[in-house]
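Descriptive structure summary
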Amino acid sequence: MDYQSNRIGQIPPYLFAEINKKKAELVKSGVDVIDLGIGDPDLPTPQHIVDKLVEEMQDSSNFKYPSFIGCAEFREAVADFYARQYQVNLDPETEVLALIGSKEGIAHLIPTLIDPGDYVLIPDPSYPVYKMATLLANGQYYHMPLLKENNFEPDFSLIPDEIIEQAKLMFLNYPGNPTAATVDIEFFQNAISFARQRNIPIAHDSAYNMVTFGEYKAPSILEVEGAKEVAVEFGSLSKTYNMTGWRIGYVVGNKQIIKALSVLKSNMDTGQFTPIQKAAAFALNSDQSCVSNHNAIYEERLNVVLDGLKAIGIKVDRPKGSFFIWAPVPKGYTSAEFVTNVLEQTGVILTPGSAFGPSGEGYFRLSLSVPNARLFEAINRIKQKLQISVN
Ligand SMILES: *Cc1c(COP(=O)(O)O)cnc(C)c1O
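Residues numbered from 1 in each chain as written. Predicted model: local features only at pLDDT ≥ 70, side-chain atom pairs only at ≥ 80, totals over all residues. Heavy atoms only, no water.

Going by an unreviewed UniProt entry, the protein carries the name Aminotransferase and comes from Cytobacillus mangrovibacter. Its UniProt record, at the heading Sequence similarities (unreviewed entry), says of the protein: "Belongs to the class-I pyridoxal-phosphate-dependent aminotransferase family." Checking UniProt for the protein, the heading Cofactor (unreviewed entry) contains the comment "pyridoxal 5'-phosphate". (UniProt positions renumbered as here; feature names shortened; annotations may be inferred.)

Printed below as a string of structure tokens:
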């Protein structure tokens, strides 16, 4: 007997399962594996945030069911952050909703907005949750190819009319995972104007909004005039403060969408543990030098890898945000072949671009969430062991 719904049955096997299996085998046979596949910061959560959690844990009034929309301290801290960072005003009561990590909110937004058969417009390549949650909601997805020659921005004019008519949601994500692409406000202006004309809500995933390098500052889609009529933006404490395991994020913007999502959520979960929300509020309200310190570390690692890849003959444009490098595979390999080759010959794990969608073919993703010494080692092994034809 097959104890699963057709909905679950149609979800393809976990794309990273094969790599994980190989990793386990190599580790078992004594190989010193360097995992550059993980999208999880290696640095610890800053101590002042941990201390705040411990303090809130001593207050038993925090132990009850949390409020469905999130505690006032957290929602106000998010609204204050938007005012400070983007000069965007948000009503903490109606335009901010706390999430158990942004992944939870992204996945639940889809059944909030679509009925079976409706389309969701999804960047290709992208974070796998957009597509999988669409399939789980019995929806259909349309891939918007992200091409290097377009700065990995979708070309809205290529989306067929009949798809647009059945589309109930579009996802965008900048700084992007896996492409590390960043945009200026002009791109969001175009996106909002398209969304308003064609009446398609936009969900912008800004998980890496604060992971940026040099002078670049990532804009919020809500900075665009009229954006709140059609858009929501997902944010997370995970990547900014190395809090992936804490599970705390938020969605901000359009009131109706947020209200509808909170109806769904209030029937499924009861919110995140209040001490975590209060520590997250404290993180947003405190001195932000920890964020620039983390970014400086990523930037140093970025330099190590860019120099190393260049020496191997792999040329990559310098990313301005995220902690990923999105690089072309050398000639003569598919993404999967290259990644498998590198793993077998060097014990270095990379992620094949094709795992993020068909337009990811020809690329691999490398994560900067390991220390410099390991990055040096990884690059050296690839340089020495791998016969790459770079002509
Ligand atoms: C990490 C990540 C998320 C999920 O973040 P959580 O808040 O930890 O759920 C969402 N989107 C992208 C693109 C990510 O890389």
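**A few points about the environment of His-108**
Mapped onto the fold, His-108 is located in helix H5 (residues 102-113). Taking the C-alpha atoms as reference points, His-108 and Leu-261, 153 residues apart in sequence, are found 7.1 Å from one another. Beyond its immediate sequence surroundings of up to four residues, His-108 is in contact with Leu-261, Leu-264, Lys-265, Met-268 and Asp-269. (Helix = DSSP H or I, 4+ residues; strand = E, 2+ residues; numbered from the N terminus. Contact = heavy atoms within 4.5 Å.)

**Describing the sheet that holds strand S12 (residues 363-367)**
In any sheet, the strands associate via hydrogen bonds between backbone groups, in a parallel or an antiparallel arrangement. Read across the open sheet, the three strands follow the order S9-S12-S11; overall the sheet is antiparallel. Either end of the sheet is taken by a strand with one partner, and the two such strands are strand S9 (324-328) and strand S11 (351-352). On top of the sheet, helix H11 (residues 289-312) reaches S9 and S12; it is set at about 10° to S9, its chief contact. (Pairing = 2+ DSSP bridges. Axes fitted to C-alpha atoms, helices over the stretch in contact; angles between N-to-C directions.)

**Some points on a nonpolar patch on the surface**
Together, Met-57, Phe-63 and Phe-273 make up a nonpolar patch on the protein surface, roughly 260 Å² of accessible area in all. Inspection of the secondary structure puts Phe-273 in the loop between helix H9 (255-266) and helix H10 (274-285). You can call Phe-273 partly exposed: its relative accessible area is 30%. (Patch = residues over 30% accessible without salt bridge, like charges linked within 9 Å, V, L, I, M, F, W, Y side chains within 5 Å. Areas by Shrake-Rupley, 256 points an atom, 1.4 Å probe, with all protein chains shown as cover. Salt bridge = Lys/Arg side-chain N within 4 Å of Asp/Glu carboxyl O. Buried < 20%, exposed > 50% of the residue type's maximum accessible area, 1.4 Å probe, protein only.)

**Here we look at the site of the ligand**
The environment of the ligand is made up of 13 residues, and the closest members are Asp-205, Tyr-208, Ser-236, Ser-238 and Lys-239. Between an oxygen atom of the ligand and a main-chain N or O atom of Ser-102, the distance comes to 2.7 Å. Between the ligand and Arg-247 there is a distance of 2.8 Å, counted from an oxygen atom to a side-chain nitrogen or oxygen. Protein chains bury 94% of the 390 Å² of accessible surface belonging to the ligand in isolation. When its residues are assigned to classes, the shell around the ligand shows three nonpolar, six polar and four charged. (Near = heavy atom within 4 Å. Polar contact = N/O pair within 3.5 Å; in protein donor to acceptor, adjacent residues only side chain to side chain. Nonpolar A, V, L, I, M, F, W, Y, C, P; charged D, E, K, R; others polar.)

**Focus on the UniProt feature "domain: Aminotransferase class I/classII large" (unreviewed entry) in the protein**
Under the UniProt annotation, "domain: Aminotransferase class I/classII large" (unreviewed entry) lies at residues 32-382. Secondary structure content for residues 32-382 is 39% helix and 15% strand, and the end C-alpha separation is 14 Å.

**Quick look at the domain arrangement of the protein**
Domain parsing of the protein yields domain 1 (14-43 + 289-390) and domain 2 (48-285). Each of domain 1 and domain 2 has a C-alpha centre, and the two are 27 Å apart. If you look at the interface, domain 1 gives 26 residues, while domain 2 gives 30 residues. Of the roughly 2500 Å² buried at the junction of domain 1 and domain 2 (both faces included), carbon and sulfur atoms supply 61%. Where domain 1 touches domain 2, the interface holds one salt bridge. (Domains from an automatic or database assignment. Buried area = accessible area lost by both parts, 1.4 Å probe.)

**What to know about the layout of surface pockets**
Of the pockets and cavities examined, the second largest pocket occupies roughly 320 Å³. In this structure, the second largest pocket is lined by 21 residues; those nearest its centre are Asn-151, Phe-152, Thr-179, Ala-181 and Asp-317. Sorting elements by how many residues they give to the lining of the second largest pocket places S9 first, with four residues. Here the lining of the second largest pocket is composed, by residue class, of 12 nonpolar, three polar and six charged. (1 Å grid on protein atoms, 1.4 Å probe; cavity = no way out; pocket = protein on both sides within 12 Å on 5 of 7 lines; lining within 4 Å. Points joined across faces, edges and corners; volume = space filled by probe spheres on them.)

**Remarks on unusual backbone geometry**
Omega for the bond connecting Asp-124 with Pro-125 falls within 30 degrees of zero, at 10°, which places this linkage in the cis form. Residue Pro-178 follows Asn-177 across a cis peptide bond; omega there is 10°. By the element assignment, Pro-178 lies in the loop between strand S5 (167-173) and helix H8 (185-198). One non-glycine residue, Ser-322, lies in the positive phi region at around 75°. If you trace the backbone, Ser-322 turns up in the loop between H11 and S9.

**Details of empty space enclosed by the protein**
By the definition in use, this model includes four cavities of 30 Å³ or more. Considering only enclosed or pocket space, the largest cavity measures out at about 60 Å³ in volume. If you go around the largest cavity, the residues you meet are Pro-123, Pro-125, Ser-126, Leu-146, Phe-152, Asn-173, Tyr-174, Gly-176, Asn-177, Pro-178 and Thr-179. Residues belonging to the lining of the largest cavity are distributed by class as follows: six nonpolar, five polar and no charged. The space that makes up the second largest cavity amounts to roughly 50 Å³. If you trace the second largest cavity, you find it lined by Phe-81, Asn-209, Met-210, Ser-236, Leu-237, Thr-240, Tyr-241, Tyr-250 and Leu-284. For the lining of the second largest cavity, the residue count by class is six nonpolar, three polar and no charged.

**Overview of the pairing of strand S3 (residues 119-124)**
Within S3, six of the six residues are buried, which leaves it mostly tucked inside the rest of the structure. Alternating positions in S3 separate into two faces, Tyr-119, Leu-121 and Pro-123 on one and Val-120, Ile-122 and Asp-124 on the other, with burial throughout. Traced from S3 through helix H6 (residues 129-136) to strand S4 (residues 140-145), the parallel crossover comes out right-handed. Pairing of S3 with S5 involves three bridges; the strand directions are parallel. Looking at the pairing, Leu-121 lines up with Met-170 of S5. (Right-handed = clockwise from strand over helix to strand, strands pointing away.)

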